[in-house]
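# Commentary on secondary and tertiary structure
Spelled out from the first residue to the last, the chains are:
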Amino acid sequence: MPRQQVRRTSTIFWVFLENIQPGKRQKSNLPMKYQNNNSQLDYLHQTENNLIKINVSGKEFTTTKETLRFFPDTLLGSSEIEKYYNDELKAYYFDRHRGMFSAILFFYQSRGVFRSPTNVDRDTVEEELEFF
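Reference entry: report on the structure contained in this document. (Residues numbered from 1 in each chain as written. Predicted model: local features only at pLDDT ≥ 70, side-chain atom pairs only at ≥ 80, totals over all residues. Heavy atoms only, no water.)

Membership of the largest hydrophobic core comes to 26 residues, with the highest contact counts inside it found for Ile 54, Leu 76, Phe 94, Met 100, Phe 101, Ile 104 and Phe 132. Elements supplying a minimum of two residues to this core: strand 1 (51-56), strand 4 (91-94), helix 3 (98-109) and helix 4 (122-131). Among the elements that make up this core, the one with the highest residue count is helix 3 (seven residues). (Core = buried A, V, L, I, M, F, W, Y, C linked by side-chain atoms within 4.5 Å. Buried < 20%, exposed > 50% of the residue type's maximum accessible area, 1.4 Å probe, protein only. Helix = DSSP H or I, 4+ residues; strand = E, 2+ residues; numbered from the N terminus.)

Put into structure tokens, the structure is as follows:
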């Protein structure tokens, strides 16, 4: 899919994907502090200690809502994530590529550093970045 057709929610990922140099830490052009005008955005299904559980094809990840909110125009950083909540698992569930999600979560945690897994083909990387 040409870059111009990628959803707005994944634009930030593409910027880093196209400029990645293996083995070299990338410098982010993003602000160190994110100021969200909509500070009232809350995840409906969060634990009491501010943790968010995300289950990707059976593998559970845990992070904080602040980590995800740093990128509010993405699926994970917006209220759009709520439609993926699974009451049975008590987590947000995505039937997606587990190995790729580790890289996506690291992107959020590092505030913009993307490191593509070496064992994931480019088409899968692009598909997962577009989704999240």
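Attention now goes to the sheet that holds strand 2 (residues 59-64). With mixed pairing, four strands are arranged side by side in an open sheet as 2-1-4-3. The two strands at the open ends of the sheet, each matched to only one other strand, are strand 2 and strand 3 (85-86). Of the pairings in the sheet, the one linking strand 1 to strand 4 comprises three bridges and is parallel in character. Within strand 4, the position partnered with Val 56 by the bridge is Phe 94. Sheet strands touched by helix 3: strand 1 and strand 2. Its angle to strand 2, the strand with the most contacts, is close to 5 degrees. (Pairing = 2+ DSSP bridges. Contact = heavy atoms within 4.5 Å. Axes fitted to C-alpha atoms, helices over the stretch in contact; angles between N-to-C directions.)

With that settled, consider helix 4. Most of helix 4 sits out of view: seven of its ten residues are buried. Burial in helix 4 covers these residues: Thr 124, Val 125, Glu 126, Glu 128, Leu 129, Glu 130 and Phe 131. By the N-cap criterion, in which a side-chain oxygen at the helix start approaches the backbone nitrogen of a residue two or three places on, helix 4 is capped by Asp 121, the distance to Asp 123 being 3.2 Å. (Polar contact = N/O pair within 3.5 Å; in protein donor to acceptor, adjacent residues only side chain to side chain.)

Time to look at the packing of aromatic side chains. Summed over the entire model, instances satisfying the criterion amount to twelve aromatic pairs. Aromatic side chains Tyr 84 and Phe 131 sit 5.9 Å apart centroid to centroid with 80 degrees between the ring planes, which places their arrangement in the edge-to-face category. Placement of Tyr 84 in the loop between helix 2 (65-69) and strand 3 and of Phe 131 in helix 4 is noted, with a sequence separation of 47 residues between them. When its relative accessible area of 24% is taken as the criterion, Tyr 84 is described as partly exposed. Here the aromatic rings of Phe 94 and Phe 131 are separated by 6.0 Å at their centres, their planes lie at 80 degrees, and the arrangement is edge-to-face. With Phe 94 in strand 4 and Phe 131 in helix 4, the pair connects residues that are 37 residues apart, well separated along the chain. Of the two residues, Phe 94 and Phe 131, both sit in the buried class. (Phe/Tyr/Trp six-rings, centres within 6.5 Å; stacked < 30°, edge-to-face > 60°.)

These results come straight from atomic positions and should not be treated as a statement about function.
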